[in-house]
Amino acid sequence: MEFMGDRATLLETGRFVQPHAGNVADAIDAAVRADHTGKNRSDTGHDDTDDNGADTVETAGAEARHRSAADAGDTAAMSVLGALLLRRGDLDGAEPYLRGATADGDRAAANNLGVLLHQRGYADEAAGWWRIAAVAGSAAAAHALGRHFRERGDEPAAEYWLRQSAEQGHALGAYALADLLEHRSDVGAERWLRTAAEQGHREAAYRLARALERRAAEEGRRTDGVGRLVGTGPAEPGAARGAVRRARRGEDGARPAGVSRGGAGRSEARRAEPVAAVTGPGAVGQTDPALRVLSDAEAAAGEHPGGRRARDGRPGATGSGAPERTADQGGALLDEAAQWYRQAAARGHRRAALHLGAILERRGRLKEAGRWYLTAAKDGEARAACALAFLLRDAGDEESAAVWWLRAAQDGDGNAANALGALHAARGEPQTAERWYRAAMDAGDVNGAYNLGLLCAAQDRTAQAEQWYRRAAYAGHREAANALAVLLLQAGDPVGAEPWFSKAAEAGSVDAAFNLGILHAGRDDDRTALTWYERAAAAGHTEAALQVGIALLRDGDEQGAERHLRCAAGGGSAEAAFRLASVLDARRPPPGPPALGEPVAEKSECEEWYERAAEQGHRRAQVRVGMLAAARGDTADAARWYREAAEAGSRSGAFNLGLLLAREGSEREASLWWTRAARAGHGRAALRLALLAARRGELADGQRWCARAVELGPAEVAERAARLREALLQELTA
């Protein structure tokens, strides 16, 4: 420190406020740091320079002039020459000039001398000079000093100096301060991220957007609205449950963890402004084949941005260039997040491009989403390549999707490897599928092990399936735990299955909760079974809601039963729709005789539920709809529903169809349907056949059908059949 001069004298000279050296030297110093470190300061936040002036390009002649002036003792020339030599990497040549300028009170030289010493490994000595420059008003030096203290673990000192830098408008100081505050979960971090982002700091813009998304997600959960709008990290172990099941059916691949149908999160927000031009490395042209495919798909599906609805059911974008606004606070936050994503993405931030693409995809702007995915993918973002592949697959271009999945999988994306595995499984190539599932597992994606279990189970390789299910379940995959429990239950080990069902259910598996209900119901433990059914039903499980409805009906709670049956019926359960219709039907007053000229009444709600169940193939509902149609006098509709039920195996449908045909004079065809019903166990059909045989004089057949009717019942039918059989016997013996 003997060459540093008298610090007290330096602080009293007043030269630190003179502009003659600061503008030129600070600008050169900014270039020095950028060239010397080779880092993008917008991403790293590492910039220890004072950059108050414009960039200056120094020629060899200019250097000679500065050297001449510096040797003559000119302070500004010494500062500029030292910065030039520092930029060139000539530390030995730069140090004497920087020290000389610093001794004369040059602020930029003090800052640059700190940079030089830091590069040489003298961190403490560098901090001393940064402190001098910072006290004199250098925002860059304050930033460097703050980072120095943070590296040393002295967070209070780091916060003090970073705040000094940030309050002077230094973008990197604001970003570093925000990073420190965010590390401590301080709510003030967002303010400084915004400050840095507004000055063009792209990493700050990205992180500000992420913070806004998290707030939007919390707002959505509080208002019971859109819920979790965007993923903030890897998906939970069960994220690919539905997609993996589709893979087993040969439909598609496992959905990327943390990416919703190609997005950066499960459910993304809206965009807020028109697409900005993208230039530089990875920029995407308008004629890119992938974008043409997406544009064609968007047009073919009628998904022009105006007035469409996104695939998650929320309103789509308006399609205009004006910023869009949602009605809720969470949507407004997401609008702003989209703006910051766009700003960062336009500056080459590939993760911002990925998230922006996800937002646009949710709004149905497939071409724009594909553009940003493609930009990020070409810059090396594997998740974006995987996301783009899902978009292309959905647009019908499976071959192009496979190319991007392959690219992402080769870059280590486990989700893409899972998708490739499912793709090959759907094509009947289990060996290739297995290879990609293993690759996904090697990439750290637990869904790979689960998918391997599904693949082995589909091939009846039960032992291997159990092995992979166990591996995934031990890693925390809740659906693998459920699948393992099912496998053990099928193997006759309910004791071994129950803990895995419980583990999966406690982890949030709705199917496991429902399966626990089945397990306890099989043990006649109805109370515990109902508890698990109610838990699964509350999470939206259709069959569980049906079971709760049935249990409540049995207990006499008709209102509670109706509520659960409506949920199950709305979820697509035909049995629930039929039972709900029965509950509503029982409340209707019996219809009176039709009055002359009375208009035909509209269908009641119970009829609509019967029809919904019938259209889903519910045989009892089909019979009931046929009966209602017959009561209205619509014999054609009644015959149609009776026939559908009969052909599906309903004996009541066959009997009623026979009655309808007999009334219309088609006795021969009626006998065919009665025969089918009687053979299926319908006593009234057997009695009808006995009467028909008696009228024809076929007494032996009549006796045979009488015996069948007596056997099948009910009591009234058995009694009538017994009397008829006795009469036929007397006729035969007469």
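Cut-off values and rules
- Residues numbered from 1 in each chain as written.
- Predicted model: local features only at pLDDT ≥ 70, side-chain atom pairs only at ≥ 80, totals over all residues.
- Heavy atoms only, no water.
- Helix = DSSP H or I, 4+ residues; strand = E, 2+ residues; numbered from the N terminus.
- Contact = heavy atoms within 4.5 Å.
- Areas by Shrake-Rupley, 256 points an atom, 1.4 Å probe, with all protein chains shown as cover.
- Core = buried A, V, L, I, M, F, W, Y, C linked by side-chain atoms within 4.5 Å.
- Buried < 20%, exposed > 50% of the residue type's maximum accessible area, 1.4 Å probe, protein only.
- Phe/Tyr/Trp six-rings, centres within 6.5 Å; stacked < 30°, edge-to-face > 60°.
- Lys NZ or Arg CZ within 6 Å of the ring centre and 35° of its normal.
- Axes fitted to C-alpha atoms, helices over the stretch in contact; angles between N-to-C directions.
- Parallel < 35°, antiparallel > 145°, perpendicular 65-115°, else oblique.
- Left-handed = near helix turned anticlockwise from the far one by under 90°.
- Nonpolar A, V, L, I, M, F, W, Y, C, P; charged D, E, K, R; others polar.
- Patch = residues over 30% accessible without salt bridge, like charges linked within 9 Å, V, L, I, M, F, W, Y side chains within 5 Å.
- Salt bridge = Lys/Arg side-chain N within 4 Å of Asp/Glu carboxyl O.
- Lys, Arg positive; Asp, Glu negative; His and termini not counted.
- Charge placed at Lys NZ, Arg CZ, Asp CG, Glu CD.
- Expected span 1.5 Å × (residues − 1).
- Polar contact = N/O pair within 3.5 Å; in protein donor to acceptor, adjacent residues only side chain to side chain.

Q: When you look at the overall build of the chain in this model, what are you seeing that I'm missing?
A: Along the chain, the regular secondary structure elements total 39 helices and 0 strands. Within the chain, counting contacts between residues at least 6 apart in sequence, those at least 24 apart form 57% of the total. Accessible area of the chain: about 32800 Å², with a carbon and sulfur share of 48%.

Q: Can you help me understand the nonpolar core in this one?
A: The nonpolar side chains of a soluble globular protein tend to be buried with one another. Formed by 98 residues in total, the largest nonpolar core has its most connected members in Tyr373, Trp404 and Trp405. Counting residues per element, this core draws most heavily on helix α19 (residues 382-394), at 10 residues. When sequence neighbours within four positions are dropped, the list of residues in contact with tryptophan 405 reads Cys386, Ala389, Phe390, Arg393, Ala416, Ala419, Leu420 and Leu423. Judged by nonpolar contacts, the second largest core, of 66 residues, contains Ala497, Leu530, Ala537 and Leu546.

Q: What should I look at first to understand the packing of aromatic side chains in this one?
A: Geometrically, a pair of aromatic rings is defined through the distance of the ring centres and the angle of the planes. Applying the stated criterion across every chain, the model contains 7 aromatic pairs. Ring plane angle 50° and centroid distance 5.9 Å describe the contact between tyrosine 206 and tyrosine 341, whose orientation is recorded as tilted. Separated by 135 residues along the polypeptide, tyrosine 206 in helix α13 (residues 202-222) and tyrosine 341 in helix α16 (residues 329-346) bring together distant segments of the chain. The two residues tyrosine 206 and tyrosine 341 agree in class, both being buried. Summarising the aromatic geometry, the rings of phenylalanine 578 and tyrosine 610 are spaced 5.8 Å apart at their centres and angled 50° between planes, so their arrangement reads as tilted. Taken together, the positions of phenylalanine 578 in helix α31 (residues 574-587) and tyrosine 610 in helix α32 (residues 605-615) put the pair 32 residues apart, joining distant regions of the chain. Judged by its relative accessible area of 3%, tyrosine 610 falls in the buried class. In this structure, arginine 371 is placed above the aromatic ring of tryptophan 372, and the distance from its NZ or CZ to the ring centre is 5.5 Å. In this structure, arginine 640 packs its charged tip against the face of tryptophan 641, placed 4.4 Å from the ring centre.

Q: What am I meant to see in unusual backbone geometry here?
A: Residues apart from glycine generally show negative phi values, whereas peptide bonds are mostly found in trans. Note that the residue after glycine 713, namely proline 714, is joined by a cis bond; omega there is 5°. Turning to its location among the elements, proline 714 is positioned in the loop between α38 (699-712) and α39 (715-733). Although it is not a glycine, aspartate 460 adopts a positive phi angle of roughly 60°. Tracing the backbone through its elements, the reader meets aspartate 460 in the loop between α23 (447-458) and α24 (462-474). Positive phi values are uncommon outside glycine, yet aspartate 524 reaches one of about 65°. Summarising the element assignment, aspartate 524 is placed in the loop between α27 (510-522) and α28 (526-538).

Q: Looking at this model, I keep getting lost on the packing of α19 against helix α20 (residues 398-410). Mind explaining?
A: Helix-helix packing is described using two parameters, namely the angle between the two axes and the distance between the axes. Remark: α19 packs on α20, axes separated minimally by 8 Å, with the N-to-C direction vectors making an angle of 165°. Comparing the axis directions of α19 and α20 gives the class roughly antiparallel. Relative to α20, α19 is oriented so that their crossing is left-handed. Contacts between α19 and α20 involve Ala382, Ala385, Cys386, Leu388, Ala389, Phe390, Leu392 and Arg393 from the former and Ser400, Ala401, Trp404, Trp405 and Ala408 from the latter. When its residues are assigned to classes, the contact of α19 with α20 shows 11 nonpolar, 1 polar and 1 charged.

Q: Which parts of the structure should I look at to understand a positive patch on the surface?
A: On the surface, Arg663, Arg684, Arg688 and Arg720 cluster together into a patch of positive charge. Assignment of secondary structure puts arginine 663 in helix α35 (residues 651-663).

Q: Honestly, helix α21 (residues 414-426) in this entry has me stumped. Any pointers?
A: Along an α-helix, residues three or four positions apart point the same way, because every turn accommodates 3.6 residues. Across its 13 residues, α21 extends 18 Å between first and last C-alpha, which sits within 8% of the 18 Å expected from 1.5 Å per residue. Among the 13 residues in α21, 11 count as buried, and that is most of the element. If you check which residues of α21 are buried, you get Gly414, Asn415, Ala416, Ala417, Asn418, Ala419, Leu420, Gly421, Ala422, Leu423 and His424. Count one or two residues on from α21 and you reach glycine 428, which has phi positive near 80°.

Q: Help me out: how do you make sense of the packing of α20 against α21 in this one?
A: Across the interface, α20 lies against α21 with an axial gap of 8 Å and an inter-helix angle of 140°. On the basis of the axis angle, α20 is oblique to α21. Considering only the axes of α20 and α21, their crossing is left-handed. Facing α20, whose interface residues are Glu398, Ala402, Trp405, Leu406, Ala408 and Ala409, α21 presents Ala416, Ala417, Ala419, Leu420 and Leu423.

Q: What's the story with helix α7 (residues 107-120) in this structure? I'm lost.
A: When the terminal C-alpha atoms of α7 are compared, their 20 Å separation across 14 residues agrees well with the 20 Å that a helix rising 1.5 Å per residue should span. Of all 14 residues making up α7, 11 are buried, and the element is well covered by its neighbours. Those residues of α7 lying buried are Arg107, Ala108, Ala109, Ala110, Asn111, Asn112, Leu113, Gly114, Val115, Leu116 and Leu117. In the segment just after α7, glycine 121 is the residue with positive phi, at about 95°.

Q: How should I be thinking about the environment of histidine 201 in this particular structure?
A: Inspection of the secondary structure assignment puts histidine 201 in the loop between α12 (189-198) and α13. For histidine 201, a relative accessible area of 3% gives the class buried. Distance in space between the C-alpha atoms of histidine 201 and alanine 171 is 6.7 Å, their sequence separation being 30 residues. Among the polar contacts made by the side chain of histidine 201, one reaches the main-chain amide nitrogen of glutamate 203 at a distance of 3.4 Å.

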